[in-house]
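Below, each chain spelled out in residue letters.
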Amino acid sequence: QKEVEQDPGPLSVPEGAIVSLNCTYSNSAFQYFMWYRQYSRKGPELLMYTYSSGNKEDGRFTAQVDKSSKYISLFIRDSQPSDSATYLCAMSAQGSNYKLTFGKGTLLTVNP
Amino acid sequence: DAGVIQSPRHEVTEMGQEVTLRCKPISGHNSLFWYRQTMMRGLELLIYFNNNVPIDDSGMPEDRFSAKMPNASFSTLKIQPSEPRDSAVYFCASSLGSGSSTDTQYFGPGTRLTVL
């Protein structure tokens, strides 16, 4: 079993839809959870960061972490064509928290 | 700030040739990371430097790969000899502090390497 599993999609939604992106993981030592956005032919950029369990909201984006289920989610409300990108989850453990383990990414297309 | 700068942006080479990828981190950042991204394996950490010192090179695939950071503003990743399976996008990233998870890693645009 891979440490981090992420559905690669592709996911295609109409503009204005609510998008749900998810990752599961197997390493119970993971404490730090991140979502990166990667536009085509660009490097990833940090979108959201969460420590341990709970929710975090930033504008149209909400990150959720459920450590008991080893499951994290990113919700995008009122999705826009500019949200079209690959979304990568990433996580790390205490003590080696520079070492990010990434999911393979989900390709999202928001159609106008 | 110009962000993390990588060169070249694209490299096509033949099997057996030496390849050198270059990275200039964001000025003032103390940590530098080299990653490799492929469809099969996703984004993987190859090596992590802090204050120009290699801290973790456990992700370097084999002895054909080497990385250096001679000063705070420059790093290289070298593959010698290159093989077709090295074809990937190589990213350099830098962060301000000690590389902890609370430090945002800023990625460069990547070098797309094709080994024929």
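Residues numbered from 1 in each chain as written. Chains lettered and ligands numbered in written order. Predicted model: local features only at pLDDT ≥ 70, side-chain atom pairs only at ≥ 80, totals over all residues. Heavy atoms only, no water.

(A) A look at the overall build of chain A. A count of helices and strands for chain A gives zero helices and eleven strands. Start at the N end of chain A and walk to the C end: the helices and strands fall as β-β-β-β-β-β-β-β-β-β-β. Scaling as 2.2 N^0.38, a compact globule of 112 residues should have a C-alpha radius of gyration of about 13 Å, and chain A matches this with 13 Å. Structurally, chain A occupies a C-alpha span of about 45 × 25 × 25 Å along its principal axes. Across the 112 residues that make up chain A, the buried fraction comes to 46%. (Helix = DSSP H or I, 4+ residues; strand = E, 2+ residues; numbered from the N terminus. Rg over C-alpha atoms; globule rule 2.2 N^0.38 Å. Buried < 20%, exposed > 50% of the residue type's maximum accessible area, 1.4 Å probe, protein only.)

(B) The side chain of B:Asn50, seen in detail. All names here are of chain B. Tracing the backbone through its elements, the reader meets asparagine 50 in strand β5 (residues 42-50). Assessed through its relative accessible area of 17%, asparagine 50 is described here as buried. Of note is the side chain of asparagine 50, whose polar atom sits 3.4 Å from the side chain of asparagine 51. With sequence-adjacent residues up to four places away left out, asparagine 50 is seen in contact with Asn30, Ser31, Ile55, Gly97 and Ser98. (Polar contact = N/O pair within 3.5 Å; in protein donor to acceptor, adjacent residues only side chain to side chain. Contact = heavy atoms within 4.5 Å.)

(C) Representation of the state of the cysteines in the model. Residues and elements named next belong to chain B. Inspection of the entire model under this criterion finds two disulfides over all chains. Bridging cysteine 23 to cysteine 92, the disulfide has an S-S length of 1.9 Å. Here the S-S torsion is close to -65°, and the disulfide linking cysteine 23 with cysteine 92 is therefore left-handed. Of this pair, cysteine 23 sits in strand β3 (residues 19-24) while cysteine 92 sits in strand β9 (residues 88-95), placing them 69 residues apart in sequence. You can call cysteine 92 buried: its relative accessible area is 0%. (Disulfide = S-S within 2.5 Å.)

(D) Local environment of the interface of chain B and chain A. Between chain B and chain A, the contact holds 25 residues from the first and 18 residues from the second. The contact between chain B and chain A buries some 1700 Å² in all, and 54% of this surface belongs to carbon and sulfur atoms. Counting the contacts that link chain B with chain A gives one salt bridge. Note that B:Asp56 and A:Lys99 form a salt bridge whose closest N and O atoms lie 3.3 Å from each other. At the junction of chain B and chain A, the tally comes to six residue pairs in polar contact (both at pLDDT 80 or more). Among the elements of the structure, β4 (31-38) and β5 of chain B are those that each provide at least two residues to the side of chain B that touches chain A. Per element, the largest residue contribution to the side of chain B that touches chain A is four residues, and it comes from β5(B). Here the side of chain B that touches chain A is built from residues that sort into ten nonpolar, eleven polar and four charged. (Buried area = accessible area lost by both parts, 1.4 Å probe. Salt bridge = Lys/Arg side-chain N within 4 Å of Asp/Glu carboxyl O. Nonpolar A, V, L, I, M, F, W, Y, C, P; charged D, E, K, R; others polar.)

(E) The sheet that holds strand β8 (residues 71-76) of chain A, seen in detail. Residue and element names in this part refer to chain A. A sheet is described by the order of its strands in space; here five strands give the open sequence β1-β3-β8-β7-β6, paired in antiparallel fashion. Of all strands in the sheet, those bounded by a partner on one side alone are β1 (4-6) and β6 (54-58). Averaged over neighbouring strand pairs, the angle between their axes works out to 15° when direction is ignored. (Pairing = 2+ DSSP bridges. Axes fitted to C-alpha atoms, helices over the stretch in contact; angles between N-to-C directions.)

(F) Here's a closer look at the side chain of B:His29. Residues and elements named next belong to chain B. Note that histidine 29 resides in the loop between β3 and β4. The buried category is assigned to histidine 29, whose relative accessible area is 12%. Within the local environment of histidine 29, its side chain forms a polar contact with the side chain of serine 94, the two groups lying 2.8 Å apart. Polar contacts involving the side chain of histidine 29 include one to the main-chain amide nitrogen of serine 95, which spans 3.4 Å. Among residues more than four places away in sequence, those in contact with histidine 29 are Ser94, Ser95, Leu96 and Tyr106.

(G) Seen up close, the packing of aromatic side chains. For the structure shown, the criterion picks out 13 aromatic pairs over all chains. For the ring pair A:Tyr25 and A:Phe33, a centre distance of 5.3 Å and an interplane angle of 45° mean the geometry is tilted. By the burial criterion, A:Tyr25 is buried, and A:Phe33 matches it. Of the aromatic side chains, those joined through ring pairs into one cluster are A:Tyr36, A:Tyr98, A:Phe102, B:Phe33, B:Tyr35, B:Tyr48, B:Phe91 and B:Phe107. (Phe/Tyr/Trp six-rings, centres within 6.5 Å; stacked < 30°, edge-to-face > 60°.)

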